[in-house]
Amino acid sequence: MITNLVLLQADGQGAGAMNLIMIVVLIAIFYFFMIRPQQKKQKEIRKFREAITTGDNVVTAGGIYGKVRRIKETVLVIEIAKGVEITVDKGSVYPSAADVQMDGNNKIEDAK
């Protein structure tokens, strides 16, 4: 009878260790497939925002395409049409999808 209790307790401890290992494995999977790629993407966007220069084509978070005309400390002045300029926060600007898809020789104006 005592040997049965010892064996049952040993089995219970092994299952607990196995559950702990599974939790650690799941956390590792989430990190490598969800968290790490998102951090890399955010780092690339931050690098882009720091490297914005006058004349770059950008798209705002609202979906407005334009060309950077002036850069201030926390805002950008973007020309969205001839003579039409808007001021947007730097945090709401992303690289233009057209620039990413086109090779380096073509400009957006050539594609329109």
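The structure displayed is predicted, hence computed values, not measured ones.

Visitor: Would you take a moment to explain the overall build of the chain for this structure?
Guide: When you go through the chain residue by residue, the secondary structure sums to three helices and five strands. The N-to-C order of helical and strand elements in the chain reads α-β-β-β-β-β-α-α. Taking all 112 residues of the chain together, the buried fraction comes to 15%. In the chain, the proportion of contacts linking residues at least 24 apart, taken out of those at least 6 apart, comes to 31%. Taken as a whole, the chain presents about 8800 Å² of accessible surface, with 60% of it coming from carbon and sulfur.

Visitor: Would you take a moment to explain the sheet that holds strand S1 (residues 57–60) for this structure?
Guide: Where strands meet in a sheet, backbone hydrogen bonds hold them as pairs that are either parallel or antiparallel. Ordered in space as S4-S3-S2-S1-S5, the five strands form an open sheet in which the pairing is antiparallel. At either end of the open sheet lies a strand with only one pairing partner, and these are strand S4 (84–89) and strand S5 (93–95). Put simply, the sheet's adjacent strands are angled 50° from each other on average, direction ignored. In terms of strand pairing, strand S3 (residues 75–81) meets S4 through six bridges, oriented antiparallel. When the bridges of S4 are listed, valine 77 appears paired with threonine 87.

Visitor: In this structure, what is going on with the side chain of threonine 60? I would like to understand it.
Guide: By the secondary structure assignment, threonine 60 is in strand S1. Residues in contact with threonine 60, not counting those within four places in the same chain, are Ile78, Val88, Ser92, Val93 and Tyr94.

Visitor: Would you take a moment to explain the side chain of glutamate 79 for this structure?
Guide: Residue placement: glutamate 79 occurs in strand S3. There is a polar contact of 3.4 Å between the side chain of glutamate 79 and the backbone nitrogen of glycine 83.

Visitor: Teacher, can you tell me more about a nonpolar patch on the surface here?
Guide: Taken together, the side chains of Met18, Ile21, Met22, Val25, Leu26, Ile29, Phe30, Tyr31, Phe32, Phe33, Met34 and Ile35 make up a nonpolar region of the molecular surface, amounting to roughly 1200 Å² of accessible area. Along the chain, the position of phenylalanine 32 falls in helix H1 (residues 2–50).

Visitor: How should I be thinking about the packing of aromatic side chains in this particular structure?
Guide: Between two aromatic rings, the relevant description is the distance of the centres plus the angle of the planes. Summed over all chains, the structure comprises one aromatic pair. Of note, arginine 49 hangs over the ring of tyrosine 94, and the distance from its end group to the ring centre comes to 4.8 Å.

Each value, and the rule that gives it
- Starting from 1, residues in each chain are numbered consecutively following that chain's sequence as written.
- Only residues with pLDDT of at least 70 are given local features in this predicted model, and only at 80 or more are side-chain atom pairs given and counted; all residues enter the totals for whole chains, interfaces and linings.
- Hydrogens and water molecules were not included; the side-chain quantities draw on all heavy atoms of the structure.
- Where helices and strands are cited, they refer to DSSP runs of H or I of at least four residues and of E of at least two residues respectively, numbered from the N terminus.
- Working definition: with a 1.4 Å probe on protein chains only, accessible area under 20% of the residue-type maximum means buried, over 50% means exposed, and in between means partly exposed.
- Two residues form a contact once any of their heavy atoms are found within 4.5 Å.
- Here the open area of atoms and residues is found with the Shrake-Rupley method and a 1.4 Å probe, where only the protein chains shown may cover a residue.
- Strands pair, by our definition, only if DSSP identifies at least two bridges between them.
- Every angle, taken between N-to-C directions, lies between 0 and 180 degrees, and every axis is a line fitted to C-alpha atoms, over only the stretch in contact when it is a helix.
- Pairs of N or O atoms within 3.5 Å make up the polar contacts considered here, provided that, within protein, one atom can donate a hydrogen while the other can accept it, and that residues adjacent in sequence are counted only when both atoms are side-chain atoms.
- A patch consists of residues exposed above 30% relative accessible area that lack any salt bridge, with like charges linked at up to 9 Å and nonpolar side chains (Val, Leu, Ile, Met, Phe, Trp, Tyr) linked at up to 5 Å.
- Every case where a carboxyl oxygen of Asp or Glu lies within 4 Å of a side-chain nitrogen of Lys or Arg is listed as a salt bridge.
- Each aromatic pair joins two rings of Phe, Tyr and Trp (for Trp, the six-membered one) with centres within 6.5 Å, and gets the label stacked for planes under 30 degrees apart, edge-to-face for over 60, and tilted for any other angle.
- Over a ring means this: the NZ of a Lys or the CZ of an Arg is within 6 Å of the ring centre and within 35 degrees of the ring normal.

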